[in-house]
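Summary of structural features
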Amino acid sequence: MRKIVERIAAGIITCSGFLTSIVILLIVVFLFSEGLGLFSSKTIEEGYSLVVNKANPVEELDARQIKEIFDEDITEWNDVGGTSGKIRLLRFDDMESLFSRERLGENYEHAEACLDSLIKADAGIIAFIPESYASKLKNGRMLDGHEISVGEVLGGNEWFPTATPAPQFGFVPLILGTIWVTVFAIIFALPFGLSVSIYMSEVASVRTCKMLRPIIELLNGIPSVVYGFFGLTVIVPILQDVFGLPVGESGLAGALVLAIMALPTIITVSQDAMQNCPRAMREASLALGASRWQTIYKVVMPYSVSGITSAVVLGIGRAFGETMAVLMVTGNAAVIPLSITDPLRTIPATIAAELGEAPAGGPHYQSLFLLGVVLFFITLIINTSVEYISSRNK
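If you check an unreviewed UniProt entry, the protein chain appears there as Phosphate transport system permease protein from Leyella lascolaii. On record in UniProt, under Sequence similarities (unreviewed entry), the comment for the protein chain is "Belongs to the binding-protein-dependent transport system permease family. CysTW subfamily." Listed in UniProt under the heading Subcellular location (unreviewed entry), the comment for the protein chain reads: "Cell membrane".

Below, the structure is given as structure tokens:
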């Protein structure tokens, strides 16, 4: 009977592990399939086209060029490979200001002829119009549908996925914002975390250590939204007054909140690593005349450097994937940060803030999944680093 129960338990454990592995694999496949679909999407939003005069030699425009043209940063055709001449912008919404309702028709049945006359009269025109009209024009030609490229996404410096006519999916501000706030969080948290772990491992009494350890570990159980609310009501106003900032939500506020959140991980893992240092090594150092602090600095910390490094990397992983707390205190500005007091936006915060509003299956939706792929690889690198560092000096 006992053997039967053991076999059943072993079978249940095996099945659970197998199912868990399959589910994780399916999640990864789904993440990649949705994210990589962005590179088969067109630059122009679905259902619309860019139309130019048939005499215009320009065949294709990328997302950056389209944005700069419609922002009027580019005003000459020769700047985008065409002949000399001014660029004239035309949006379909402008039709009512150019033509009367009688000429357009009650249901825009004559809009095609009006568009054709405008394009014929002006060789420098570029029109952003519905594809149903663009395909019927006699004097106009649709530009080739430019597909979103890897370089535009991973090398783009602007994130504006709802822009028209060409959304901008540059990941650089989000990646830099995530790295920026994480690096400063670890810079702030590491000295305090190591100090507390050294105190608990080498200085504090057993009673004090037993009292502090549960309190520190309890900090890991506090919801991140509580940390975010604390940062929003306490840290942000202080930073705004101290630095004279117009808005206190900044990368510095996010770094401080993340530093507080990463402290329990750094303290507990570092303390465990230091306590694994053999007592004989400590006693040998003291017997040779070293003081307690010399023993900590010369013996305990070098012996525990692998565990301490693992603690730092785990702290980075804790900060890197944080969502709600960062979303509440960093200002959510998708710009490249030039100073620690600048507002910024991280990858997890972007996914959390925009996924609910992105149309399913569209480029915006796919770009958020692609951000998840980037975050997946970063997390994979962090976890691999922890495994390597932890096993190096076993």
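Still more to cover.
1. Concerning the pattern of salt bridges
According to the stated counting rule, one finds 14 salt bridges in the structure shown. The residue Asp122 makes a salt bridge to Arg88 at a minimum N-O spacing of 3.7 Å. Here Asp122, found in the loop between helix 5 (111–121) and strand 3 (125–130), pairs with Arg88, found in strand 2 (residues 88–91); they are 34 residues apart in sequence, far enough to count as distant. The exposure class assigned to Asp122 is partly exposed, which follows from its relative accessible area of 22%. A relative accessible area of 31% places Arg88 in the partly exposed class. Between Glu322 and Arg318 there is a salt bridge whose closest N-O contact spans 3.0 Å. Three or more residues are tied together by salt bridges with common partners; here these are Lys67, Asp71 and Glu158.

2. Brief notes about the packing of aromatic side chains
Under the counting rule described, the total for this entry stands at 13 aromatic pairs. Aromatic side chains Phe70 and Phe128 sit 6.4 Å apart centroid to centroid with 75 degrees between the ring planes, which places their arrangement in the edge-to-face category. With Phe70 in helix 2 (residues 63–70) and Phe128 in strand 3, this residue pair connects regions lying 58 residues apart in the sequence. For Phe70, a relative accessible area of 6% gives the class buried. Using a relative accessible area of 8% as the deciding quantity, one classes Phe128 as buried. Ring pairs connect the aromatic residues Phe30, Tyr365 and Phe369, which therefore count as one cluster.

3. Quick look at the packing of helix 11 (residues 251–275) against helix 14 (residues 305–320)
Their axes nearest at 8 Å, the elements helix 11 and helix 14 cross at an angle of 155 degrees. Classified by the angle their axes make, helix 11 and helix 14 are roughly antiparallel. Crossing geometry of helix 11 relative to helix 14 is assigned as right-handed. Seen from helix 11, the contacting residues are Leu258, Met261, Ala262, Thr265, Ile266, Val269, Ser270, Ala273 and Met274; seen from helix 14, they are Gly307, Ile308, Ala311, Leu314, Gly315, Arg318 and Ala319.

4. Points about the environment of Val181
Here Val181 lies in helix 8 (residues 172–203). Not counting the four nearest positions on each side in its chain, Val181 is found in contact with Gly251, Gly254, Ala255, Leu258, Leu344 and Thr346.

5. Things to note about the environment of Pro348
As for its placement among the helices and strands, Pro348 is situated in helix 16 (residues 347–354). A C-alpha to C-alpha distance of 11 Å links Pro348 and Asn332, two positions 16 residues apart in sequence. Among residues more than four places away in sequence, those in contact with Pro348 are Thr178, Phe320, Gly321, Glu322, Thr323 and Leu375.

6. Describing the packing of helix 9 (residues 206–218) against helix 11
Look at helix 9 against helix 11: their axes get within 9 Å of each other, and the N-to-C directions meet at 140 degrees. In this view, helix 9 runs oblique relative to helix 11, as classed from their interaxial angle. Between helix 9 and helix 11 lies a crossing of left-handed hand. Of the residues in helix 11, those touching helix 9 at Cys209, Arg213, Ile216 and Glu217 are Pro264, Ile267, Thr268, Gln271, Asp272 and Gln275. Class assignment for the residues of the contact of helix 9 with helix 11 results in four nonpolar, three polar and three charged.

7. What about the pairing of strand 1 (residues 48–53)?
Most of strand 1 sits inside the fold, with five of its six residues counted as buried. Summarising the sheet, strand 1 and strand 3 pair through five bridges and their orientation is antiparallel. Its bridge partner being in strand 3, Val52 is matched across the sheet by Ile126. Two strands pair when backbone bridges link them, and strand 1 and strand 4 (residues 140–142) are joined in this way by three bridges, in the antiparallel orientation.

The rules behind each value
Residues numbered from 1 in each chain as written. Predicted model: local features only at pLDDT ≥ 70, side-chain atom pairs only at ≥ 80, totals over all residues. Heavy atoms only, no water. UniProt positions renumbered as here; feature names shortened; annotations may be inferred. Salt bridge = Lys/Arg side-chain N within 4 Å of Asp/Glu carboxyl O. Helix = DSSP H or I, 4+ residues; strand = E, 2+ residues; numbered from the N terminus. Buried < 20%, exposed > 50% of the residue type's maximum accessible area, 1.4 Å probe, protein only. Phe/Tyr/Trp six-rings, centres within 6.5 Å; stacked < 30°, edge-to-face > 60°. Axes fitted to C-alpha atoms, helices over the stretch in contact; angles between N-to-C directions. Parallel < 35°, antiparallel > 145°, perpendicular 65-115°, else oblique. Left-handed = near helix turned anticlockwise from the far one by under 90°. Contact = heavy atoms within 4.5 Å. Nonpolar A, V, L, I, M, F, W, Y, C, P; charged D, E, K, R; others polar. Pairing = 2+ DSSP bridges.

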